[in-house]
Amino acid sequence: MTASRPVLHPPANMRTLRPSTRSTLFLAFTIAASTCIQNIVVVSANDNGLALTPPMGWRSWNQYGGNVDQVLMQLIMDGMVDRGRTDHNGQPTSLCGLGYCDVGLDDNWQDCGSANAAPGMNYHDIDGN
């Protein structure tokens, strides 16, 4: 005995639409789909191992503002490579081992109101003050 193939019917809400409305909807869908297909962009990149992830790390400004010094930055960098943490497999790892290797120092390099700044710019003066 062979199974009979099911008869496919449009959904009930489609059966209540007039044929002209169904045609209009079908045409709109077809145009939208073809527009999407036409806008597919193929990109390529160098396969050199760089930028596989976005830069991940830590910046001093959000935590300390302008209150940073060399000792503090060295402690932070030591913390980034300290293997006292464990990864999802329970193996010792560091933040750097998880990809967070970048440490950025932001120490108020922009001094607003400098007389030596270019017009519209407010940076430190020529002596670094």
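Everything numeric in this text was worked out from a predicted model, so none of it was measured.

What counts and how
- Residues numbered from 1 in each chain as written.
- Predicted model: local features only at pLDDT ≥ 70, side-chain atom pairs only at ≥ 80, totals over all residues.
- Heavy atoms only, no water.
- Helix = DSSP H or I, 4+ residues; strand = E, 2+ residues; numbered from the N terminus.
- Contact = heavy atoms within 4.5 Å.
- Areas by Shrake-Rupley, 256 points an atom, 1.4 Å probe, with all protein chains shown as cover.
- Disulfide = S-S within 2.5 Å.
- Buried < 20%, exposed > 50% of the residue type's maximum accessible area, 1.4 Å probe, protein only.
- Salt bridge = Lys/Arg side-chain N within 4 Å of Asp/Glu carboxyl O.
- Polar contact = N/O pair within 3.5 Å; in protein donor to acceptor, adjacent residues only side chain to side chain.
- Phe/Tyr/Trp six-rings, centres within 6.5 Å; stacked < 30°, edge-to-face > 60°.

1. A look at the overall build of the protein
For the protein, the count of helices and strands is 4 helices and 4 strands. Each helix (α) and strand (β) of the protein, taken in turn from the N terminus, gives the series α-α-β-α-α-β-β-β. The long-range fraction of contacts in the protein, counting pairs at least 24 apart against all pairs at least 6 apart in sequence, stands at 35%. Of the roughly 11,100 Å² of accessible surface on the protein, 58% is carried by carbon and sulfur atoms.

2. Describing the state of the cysteines
Enumeration over the complete set of coordinates arrives at 1 disulfide. Residue pairing for Cys96: its cysteine sulfur links by disulfide to Cys101, the two sulfurs lying 2.2 Å apart. Here the disulfide of Cys96 and Cys101 is right-handed, its torsion about the S-S bond being about 100 degrees. Since its relative accessible area comes to 42%, Cys101 is described here as partly exposed.

3. Some points on the pattern of salt bridges
In this structure the tally under the stated criterion is 1 salt bridge. Of the charged contacts in the structure, one is a salt bridge between Arg59 and Asp102, with a shortest N-O distance of 2.5 Å. Residue Arg59 is found in strand β1 (residues 57-59), and its partner Asp102 is found in strand β4 (residues 102-104); the two are separated by 43 residues along the sequence.

4. Regarding the side chain of Ser94
Structurally, Ser94 is set in the loop between β3 (92-93) and β4. Looking at Ser94, its side chain comes within polar contact range of the main-chain nitrogen of Cys96, at 3.3 Å. Residue contacts for Ser94: discarding those within four places in its chain leaves Met80, Val81, Asp82 and Arg83.

5. What to know about the packing of aromatic side chains
Throughout the structure, instances matching the rule amount to 1 aromatic pair. Ring centres of Trp58 and Tyr64 lie 6.2 Å apart, and the angle between their planes is 65 degrees; this geometry places the pair in the edge-to-face category.

6. Describing the environment of Asn67
Within the secondary structure layout, Asn67 lies in the loop between α3 (61-64) and α4 (70-81). Residues Asn67 and Asp106, 39 residues apart in the sequence, show an inter-C-alpha distance of 9.6 Å.

7. Details of the side chain of Ser60
Mapped onto the secondary structure, Ser60 falls in the loop between β1 and α3. For Ser60, a relative accessible area of 0% corresponds to the buried category. Residues within four places of Ser60 in sequence aside, it is in contact with Gly65, Val68, Met73, Gly104, Leu105 and Asp106.

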